[in-house]
Amino acid sequence: MNQKGRLLIAAIPLAVLTGLLALDIFIFGADSIMGASQVTLLLAAGICVWLSMRVYKLPWENFETAIRTGLGDVAPAIMILLLIGAISGTWTLSGVVPSFIYYGLKIISPKIFLLTACVLCAVVSLVTGSSWTTIATVGVALLGIGKAEGFSEALTAGAIISGAYFGDKISPLSDTTVLASSISQVDLFTHIRYMLFTTVPSFVITLIIFTLIGLSHSGGDTGQMDVYASVLQTKFNITPWLMLVPAITAVLIWKRFPAMTVLALSVLCAAAASLIFQPEIIASAGESVTSGSHAKIMFAGVVESIYNSVSPESGNADVDALIATRGMLGMLNTVFLILCATCFGACMRESGMIADLAGVMTRFTRSRGGLVGSTVCTGTVLNGIVSDQYLSIILTSHIFRESYAREGYEDRLLSRSVEDSATVTSPLFPWSSCGMTQATILSVPTMAYAPFCFFNLLSPLISIAVGIAGWKIARRSGGASKGV
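None of these values were measured; they are calculated from a predicted model.

Rules used in this analysis
Residues numbered from 1 in each chain as written. Predicted model: local features only at pLDDT ≥ 70, side-chain atom pairs only at ≥ 80, totals over all residues. Heavy atoms only, no water. Helix = DSSP H or I, 4+ residues; strand = E, 2+ residues; numbered from the N terminus. Rg over C-alpha atoms; globule rule 2.2 N^0.38 Å. Buried < 20%, exposed > 50% of the residue type's maximum accessible area, 1.4 Å probe, protein only. Contact = heavy atoms within 4.5 Å. Phe/Tyr/Trp six-rings, centres within 6.5 Å; stacked < 30°, edge-to-face > 60°. Lys NZ or Arg CZ within 6 Å of the ring centre and 35° of its normal. Salt bridge = Lys/Arg side-chain N within 4 Å of Asp/Glu carboxyl O. Disulfide = S-S within 2.5 Å. Axes fitted to C-alpha atoms, helices over the stretch in contact; angles between N-to-C directions. Parallel < 35°, antiparallel > 145°, perpendicular 65-115°, else oblique. Left-handed = near helix turned anticlockwise from the far one by under 90°. Nonpolar A, V, L, I, M, F, W, Y, C, P; charged D, E, K, R; others polar. Polar contact = N/O pair within 3.5 Å; in protein donor to acceptor, adjacent residues only side chain to side chain. Patch = residues over 30% accessible without salt bridge, like charges linked within 9 Å, V, L, I, M, F, W, Y side chains within 5 Å. Areas by Shrake-Rupley, 256 points an atom, 1.4 Å probe, with all protein chains shown as cover. Expected span 1.5 Å × (residues − 1).

Participant: Can you walk me through the overall build of the protein in this structure?
Facilitator: Of regular secondary structure, the protein possesses 23 helices and zero strands. For 484 residues, the compact-globule estimate of 2.2 N^0.38 gives 23 Å, and the C-alpha radius of gyration of the protein, at 23 Å, lies within 12% of that figure. When its C-alpha atoms are laid out on the principal axes, the protein stretches across 70 × 60 × 50 Å. For the protein, with 484 residues in total, the buried portion stands at 57%. For the protein, the share of sequence-separated contacts (at least 6 apart) that also reach a separation of at least 24 residues comes to 76%.

This is the structure we're talking about:
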């Protein structure tokens, strides 16, 4: 079969995937990733297999082996995601996350509101690993304050989303960060450290822009933030001692311990801190599932904080949403999506369809800048096509993996280029799950806030610029980026 014929066949599963995902978004909205997208992925994988067996005469055993290998490759990522869920619970119920938020709220300065809003959302998102949670809680509060101070809602939303996605992008607790590193088979903390070369400049420029815009504005009412801080202080024992948990975690990361080891030890430290600083909250969680001796109830509470989704009641609905935990169970839907997407990717790769599609998308990858630029553009375009950042990350990684290997570039360059595009541009498309969610949460149209999401707009451009310049980019046999 000639190249055009193979390309046409390779486009069929992708077209089915795109069409059905659009239908999923139309029917289910942001909830499409709760199961509808997974079904669509499996259906597209089935079409890929059927076409390959009928047209290319490939045996089923090839696909079974490819799927088994693919699932084995993502097994470490799944374990890391489960540990991230455990951290979500233990860090929150121990008071670590509430303390971060409390101290962040206390330093709000009306004179530099946009700068502070962006930084605060970045810190909360970095600690929680979730841009959505940050935007839906602290972001909503900041939006009200910004409106009271005379800022347009679109501008404030841009500051909130920029900060939230910066923290999400470099947080070891973020599922997209874990996904991008694992799909490219790069150590999680190696991936994060390497992203700093493009992420930090993008964020610094973003902060400068928001500072310049906000300098002409005076202070306003910060009562809403005071309410948040007061509720957190009433519900939790807020103390600087809790900062030892993230400090220990940071030291372990700096010492380059394996990701799973760092996360597991961090869970244990937070669990111990919860018993010391938040015994009433842990007892309440334990009493919801068992009765008996105090030791039994406390043990049950700690275990609940690790695996289950726990929602402490503070008396304030917004704060309740902020301190609600996911636990290991809360990560299962993401695991579900990864498993289905891995099956689709494995079938497309085994059939040779990924290679056929990559042949079109990698025509401009003969130079280093062209390779990075093509990756960034593909990740961004796929966000608009498949309407989901998880799928964009997976598909872009699969399409360009062989190109980076063939050219001899390190895998971390691929993982960084994918996250510099697929992760941060996801809220800029009105029809994507991220775009619809943020527009709904903030009650600001996507096309209104998108021009002010400076970090999300700058990240792909900075990534391409760094790729062209060749800064800290080495081939596999090179050593220019050692120590990064």
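Participant: Would you mind going over the packing of aromatic side chains with me for this structure?
Facilitator: Between two aromatic rings, the relevant description is the distance of the centres plus the angle of the planes. Under the definition given, this model contains nine aromatic pairs. Arranged with centres 5.7 Å apart and planes meeting at 90 degrees, the rings of Phe-166 and Phe-455 form a pair that is edge-to-face. Within this pair, whereas Phe-166 is found in helix α7 (residues 153-170), its partner Phe-455 is found in helix α23 (residues 454-469), the two being separated by 289 residues in sequence. This pair shows no difference in class: Phe-166 is buried, exactly as Phe-455 is. Relative to Trp-471, the ring of Phe-197 lies with its centre 5.0 Å away and its plane at 80 degrees, an arrangement referred to as edge-to-face. With Phe-197 in helix α9 (residues 188-214) and Trp-471 in the segment after α23, the pair connects residues that are 274 residues apart, well separated along the chain. A relative accessible area of 16% means that Phe-197 is categorised as buried. Put simply, the rings of Phe-166, Phe-203 and Phe-455 touch in pairs and so form one group of aromatic residues. Its end group placed over the ring of Tyr-56, Arg-6 keeps NZ or CZ at 4.5 Å from the ring centre. The aromatic ring of Tyr-194 is capped on one face by Arg-416, whose charged end is 4.2 Å from the ring centroid.

Participant: Honestly, the pattern of salt bridges in this entry has me stumped. Any pointers?
Facilitator: Two side chains carrying opposite charge are able to pair once their charged atoms lie near each other. By the definition in use, this model includes four salt bridges. The residue Arg-68 makes a salt bridge to Glu-64 at a minimum N-O spacing of 3.4 Å. Of this pair, Arg-68 and Glu-64 both sit in helix α3 (residues 60-93), separated by four residues, roughly a single helical turn. Using a relative accessible area of 35% as the deciding quantity, one classes Glu-64 as partly exposed.

Participant: Honestly, the state of the cysteines in this entry has me stumped. Any pointers?
Facilitator: Cysteine pairs can be covalently joined through their sulfur atoms, and such a bond is termed a disulfide. Taken as a whole, this structure holds zero disulfides when the rule is applied. Just so you know, Cys-347 is unpaired, no disulfide at all, and the nearest cysteine sulfur is the one on Cys-48, 5.6 Å from it. What makes Cys-347 buried here is its relative accessible area of 2%.

Participant: Just to check I follow, could you spell out the packing of helix α12 (residues 259-277) against helix α14 (residues 294-307) for this structure?
Facilitator: For any two helices packed against each other, one specifies the inter-axial angle together with the distance between the axes. Relative orientation of the contacting elements α12 and α14 amounts to 140 degrees, with a least axis distance of 11 Å. As the angle between them shows, α12 and α14 are arranged oblique. When the axes of α12 and α14 are compared, the crossing they make is right-handed. Contacts between α12 and α14 pair Val-267, Ala-271, Ser-274 and Leu-275 from the former with Met-298, Val-302 and Ile-306 from the latter. Partitioning the contact of α12 with α14 into residue classes produces six nonpolar, one polar and no charged.

Participant: What is the right way to look at the side chain of Thr-199 in this model?
Facilitator: Along the chain, Thr-199 turns up in helix α9. For Thr-199, a relative accessible area of 0% translates into the label buried. Side chain to side chain, Thr-199 and Lys-169 meet in a polar contact 2.5 Å long. Ignoring any residue separated from it by four or fewer positions in sequence, one finds Thr-199 in contact with Phe-166, Lys-169, Ile-170, Asp-420 and Phe-455.

Participant: How do you make sense of the side chain of Thr-375 when you look at a structure like this?
Facilitator: Note on placement: Thr-375 falls in helix α18 (residues 368-386). Setting aside chain neighbours within four positions, we find Thr-375 in contact with Thr-396, Phe-400, Tyr-404, Leu-414, Ser-417, Val-418 and Ser-421.

Participant: Help me out: how do you make sense of a nonpolar patch on the surface in this one?
Facilitator: Taken together, the side chains of Leu-196, Val-200, Val-204, Ile-208, Leu-212 and Leu-215 define a hydrophobic patch exposed on the protein surface, amounting to about 520 Å² of accessible area. Examined against the element boundaries, Val-204 turns out to sit in helix α9.

Participant: Looking at this structure, how should I read helix α16 (residues 332-351)?
Facilitator: Owing to its 3.6 residues per turn, the α-helix brings residues three or four apart onto one side. In this model, α16 (20 residues) spans 29 Å end to end at C-alpha, consistent with the 28 Å of a helix rising 1.5 Å per residue. α16 sits mainly inside the fold: 14 of its 20 residues count as buried. With its phi angle positive at about 90 degrees, Gly-352 sits one or two positions after the end of α16.

Participant: Just to check I follow, could you spell out the environment of Ile-145 for this structure?
Facilitator: With respect to the element layout, Ile-145 can be found in helix α6 (residues 131-148). Placed 249 residues apart in sequence, Ile-145 and Ile-394 show a C-alpha to C-alpha distance of 38 Å.

Participant: How should I be thinking about the environment of Ala-141 in this particular structure?
Facilitator: Tracing the chain through its elements places Ala-141 in helix α6. Classification of Ala-141 as buried rests on a relative accessible area of 0%. Once the C-alpha coordinates of Ala-141 and Gly-89 are considered, the two residues, 52 residues apart in sequence, prove to be 23 Å apart.

Participant: For this particular structure, what's the right way to read the environment of Pro-451?
Facilitator: Note that Pro-451 resides in the loop between α22 (446-449) and α23. Given a relative accessible area of 45%, Pro-451 falls into the partly exposed group. Sequence separation of Pro-451 and Gly-158 is 293 residues, and the distance between their C-alpha atoms is 7.6 Å.

Participant: Help me understand unusual backbone geometry, please; the structure alone is not making it clear to me.
Facilitator: Trans is the prevailing form of peptide bonds, just as negative phi is the prevailing case for residues other than glycine. Here Lys-57, not a glycine, exhibits a phi torsion of approximately 60 degrees, which is positive. Take Lys-57: its relative accessible area is 64%, and that puts it in the exposed class. Although it is not a glycine, Gln-185 sits at a positive phi angle of roughly 60 degrees. Take Gln-185: it is sitting in the loop between α8 (175-183) and α9.

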